[in-house]
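Each chain, written out:
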Number of protein chains: 2
Amino acid sequence: MTVPQPRLQHLQCLTLKLGLPADAPIAWELLDRALTHPSASCVNYQQLEFLGDSVLRLAASELLQEMYPDGTVGEFAALRSILVSDRVLAELADGLGLERYLLMSTGAAGDPAGRRSRLADAFEAVLGALYASTHSFDLVRPWLDPLLVPRADDIRRDPALYNYKDALQEWTQAQHKSLPEYRVRAAKVATDPSSRFTAEVWFRGNCLGIGTGPSKKAAEQAAAKAAYTTAVVADTQSSGAERPDTQHS
Amino acid sequence: MTVPQPRLQHLQCLTLKLGLPADAPIAWELLDRALTHPSASCVNYQQLEFLGDSVLRLAASELLQEMYPDGTVGEFAALRSILVSDRVLAELADGLGLERYLLMSTGAAGDPAGRRSRLADAFEAVLGALYASTHSFDLVRPWLDPLLVPRADDIRRDPALYNYKDALQEWTQAQHKSLPEYRVRAAKVATDPSSRFTAEVWFRGNCLGIGTGPSKKAAEQAAAKAAYTTAVVADTQSSGAERPDTQHS
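Looking at an unreviewed UniProt entry, chain A carries the name Ribonuclease 3, with the source organism given as Rubidibacter lacunae KORDI 51-2. Heading Catalytic activity (unreviewed entry) of the UniProt record for chain A holds this comment: "Endonucleolytic cleavage to 5'-phosphomonoester." As recorded by UniProt, the Cofactor (unreviewed entry) comment attached to chain A reads in full: "Mg(2+)".

### Let's talk about the overall build of chain A
Along chain A, the regular secondary structure elements total 10 helices and 3 strands. What you see in chain A, going N to C, is helices and strands ordered as α-α-α-α-α-α-α-α-α-β-β-β-α. Going through the 249 residues of chain A one by one, you find that 50% of them count as buried. Taking the intrachain contacts of chain A between residues at least 6 apart in sequence as the baseline, contacts between residues at least 24 apart amount to 57%. Accessible area for chain A stands at about 11,200 Å²; split by element, carbon and sulfur atoms hold 53% of it.

### Describing the relation of the copies chain B and chain A
Aligned on chain A, chain B shows an RMSD of 0.0 Å; the corresponding rotation is 180 degrees and the shift along the axis is 0.0 Å. Accordingly, the operation relating the two chain copies is best matched by a two-fold axis. The residues that chain B uses at the interface reappear at the interface of chain A in 100% of cases, marking a shared surface.

### Some words on the pattern of salt bridges
Pairs can form between side chains of opposite charge whenever their charged atoms are close. With the rule as written, the count across this model stands at 32 salt bridges over all chains. When the shortest N-O distance is used, the salt bridge between arginine 157 of chain A and aspartate 154 of chain A registers 3.0 Å. Taken together, the positions of arginine 157 of chain A and aspartate 154 of chain A, both in helix α8 (residues 141–157) and 3 residues apart, correspond to about one turn of that helix. Take arginine 157 of chain A: its relative accessible area is 55%, and that puts it in the exposed class. Residue aspartate 154 of chain A is classed as partly exposed on the basis of its relative accessible area of 29%. The shortest N-O distance in the salt bridge between arginine 141 of chain B and glutamate 66 of chain B comes to 2.8 Å. Pair noted here: arginine 141 of chain B is in helix α8 (residues 141–157) and glutamate 66 of chain B is in helix α3 (residues 46–67), with a separation of 75 residues, a long-range link. In this structure, a network of salt bridges that share partners links the residues Glu62, Glu66, Arg141 and Asp145 of chain A.

### Here we look at the sheet that holds strand β3 (residues 206–213) of chain A
All names here are of chain A. The 3 strands lie next to each other as β1-β2-β3, forming an open sheet whose pairing is antiparallel. The two strands at the open ends of the sheet, each matched to only one other strand, are β1 (181–186) and β3. Each neighbouring strand pair of the sheet contributes to a mean axis angle of 20 degrees, computed without reference to strand direction. Relative to β3, strand β2 (residues 197–203) is paired through 7 bridges, and the arrangement is antiparallel. Within the sheet, the bridge partner assigned to valine 201 lies in β3 and is glycine 209.

### Digging into the confidence of the model for chain A
Caution is warranted with low-pLDDT regions, since their predicted coordinates should not be read in detail. All names here are of chain A. Summing up the model confidence of chain A, the mean pLDDT is 87 and the portion of residues at 70 or higher is 89%. Considering each helix and strand of chain A separately, the mean pLDDT is smallest for helix α10 (residues 216–238), with a value of 75, and largest for helix α2 (residues 28–34), with 98. For the stretch residues 236–249, pLDDT sits under 50, and the model shows 26 contacts to residues farther than four places along the chain or on other chains.

### Thoughts on the sheet that holds strand β3 (residues 206–213) of chain B
Residue and element names in this part refer to chain B. In spatial order, the strands read β1-β2-β3; together these 3 strands make up an open sheet with antiparallel pairing. Looking at which strands have only one partner, the edges of the open sheet turn out to be β1 (181–186) and β3. Across this sheet, the average inter-strand angle for adjacent strands is 20 degrees, counted without regard to direction. Pairing of β1 with strand β2 (residues 197–203) involves 6 bridges; the strand directions are antiparallel. If you follow arginine 185 over to β2, its bridge partner there is threonine 198.

### Comments concerning the interface of chain B and chain A
Between chain B and chain A, the contact holds 30 residues from the first and 30 residues from the second. Together chain B and chain A conceal approximately 2,600 Å² of surface at their shared face, both sides included; 54% is due to carbon and sulfur atoms. Contact with chain A buries surface across chain B, with Gln47, Phe50 and Leu58 of chain B losing the most and accounting together for 25% of the total. Joining chain B to chain A, the criterion identifies 2 salt bridges. Joining chain B to chain A, the criterion identifies 10 residue pairs in polar contact (both at pLDDT 80 or more). Those elements that provide at least two residues to the side of chain B that touches chain A are α3, α4 (73–83) and α9 (164–176) of chain B. With 13 residues, α3 of chain B is the largest single contributor of residues to the side of chain B that touches chain A. The residue makeup of the side of chain B that touches chain A, split by class, is 12 nonpolar, 10 polar and 8 charged.

Parameters at a glance
Position labels on residues start from 1 in each chain and follow its written sequence. By the order in which they are written, chains take letters starting at A while ligands take numbers starting at 1. In keeping with the predicted nature of the model, local features appear solely for residues at pLDDT of at least 70, side-chain atom pairs appear and are counted solely at 80 or more, and the whole-chain, interface and lining totals rest on all residues. Side-chain measures here rest on the full set of heavy atoms in the structure, leaving out hydrogens and waters. UniProt positions are given in the numbering used here, feature names are shortened, and annotations may be inferred rather than shown by experiment. Going along the chain from the N terminus, every DSSP run of H or I of four or more residues is numbered as a helix, and every run of E of two or more is numbered as a strand. Buried, partly exposed and exposed residues are distinguished by accessible area as a fraction of the type maximum, computed with a 1.4 Å probe on protein chains only: under 20%, between the cut-offs, and over 50%, respectively. The contact definition used throughout considers only heavy atoms, calling two residues in contact when any of these lie within 4.5 Å. Method for areas: the Shrake-Rupley scheme with a 1.4 Å probe, in which residue coverage is limited to the protein chains shown. The least-squares superposition of copies is restricted to C-alpha atoms, and to residues with a pLDDT of at least 70 in both copies. By definition, a salt bridge exists where a carboxyl oxygen of Asp or Glu is found within 4 Å of a side-chain nitrogen of Lys or Arg. Two strands are counted as paired when DSSP detects at least two bridges linking them. Between N-to-C directions, angles span 0 to 180 degrees; the directions come from axes that are lines fitted to C-alpha atoms, helices contributing only their stretch in contact. What pLDDT conveys is the predictor's confidence in a given residue, as a value from 0 to 100. Here the quantity called buried area is the total loss of accessible area, with a 1.4 Å probe, experienced by two parts when brought into contact, counted for both. Polar contact criterion, stated in full: a pair of N or O atoms within 3.5 Å, where within protein one must be able to donate a hydrogen and the other to accept it, and residues adjacent in sequence count only if both atoms are side-chain atoms. Classes in brief: Ala, Val, Leu, Ile, Met, Phe, Trp, Tyr, Cys and Pro nonpolar; Asp, Glu, Lys and Arg charged; the others, Gly included, polar.

Structure below.
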């Protein structure tokens, strides 16, 4: 199955935008599939997204260890969870204008709620297609690293820019293979709307953090932030024989 | 930092056992570290295990897609979760006699409860060290694939050999990014001991499966098995335009 000429030219524009050379050994059929939403064809990006998810995790793991040779595993896990989140991937996909290349049905295109996850999925699928083209990172890391490096630095400087619940969950899974539990209650008496909800985050029988917010979600994020910045940072520093110089913002 | 001669010779025996050529470009210092438990040194396998976990996931993802070109993403995710479980990795590590190469304190060595996870961790760390030696799978897949292929076939033929809770969780996370919930109750009246506990597994407001067993754990596994073989297999087959020929055992 070959890729029709107009589509091929369109995909070539994208790879030039990624900075890949015009004669790069790209499997165009795979790249075409990576940018085909399930609503457009039964031959779509799902398999490549599955592969690309692993490609991204390995690329991010290697990159983070190269960037922060003194980092701890807990810190890497938390950073990576944010880097590979749908939110960040959708932002990176937006920066590349990936949506213009994505084939989908008009119905799917008209669903704004699914936009973030379909951009993230397509981004991972593109990683999968380029990895599978050479069975190496040769067509991936040259353009992926420059996108991830400033993000990783931003997150490390100020994790509050991102999602503490994801970061905390990644840490508890990496360290203890289980998940934290959130308990939320609404204030029973009239109160400042900004602290209408109070959330506690529990893990292995301990309350790791408490937070308040105007919504359940916001209160959970605040609790996760408290837990992350105490428990995770404390853990990171106590295992710090290898890294006495590490600092968290 | 160089590796002392007797340790180096010992590690060379291991790589020959893996079938790697005597002149393979192995970073011996990394392999030494991959086989050093945290109880033995602050320079230990933790960082390499983090990397190796991603190396393993990508190698397994690629291998499964090569082995079963008609498989669905749900099926791959479930198979991979079992392949990369501590149980399977510890068995593979045992098959290689990895424990004989693992430096650790006498105290840690005398802790049988931690044996499975430390073997699995060391196995992943070895993958990390060999991957990092060349930044490629050249020193990994030649010996890893032959270990994983028969396992993957076994699991696919009879997933009951393995852990249905893990498989179900991997599937719900891959498909819906959330976890199933188990509700267990003990029989209130005298009953056959083999069905003393009943577990239900709930996911997104639906009970996916019910199971009984002599312990809470066994009941949960039975419920997960019921859920896996109905919900996951049904999902796999309904998205089967690409794979009308796929069968589950």
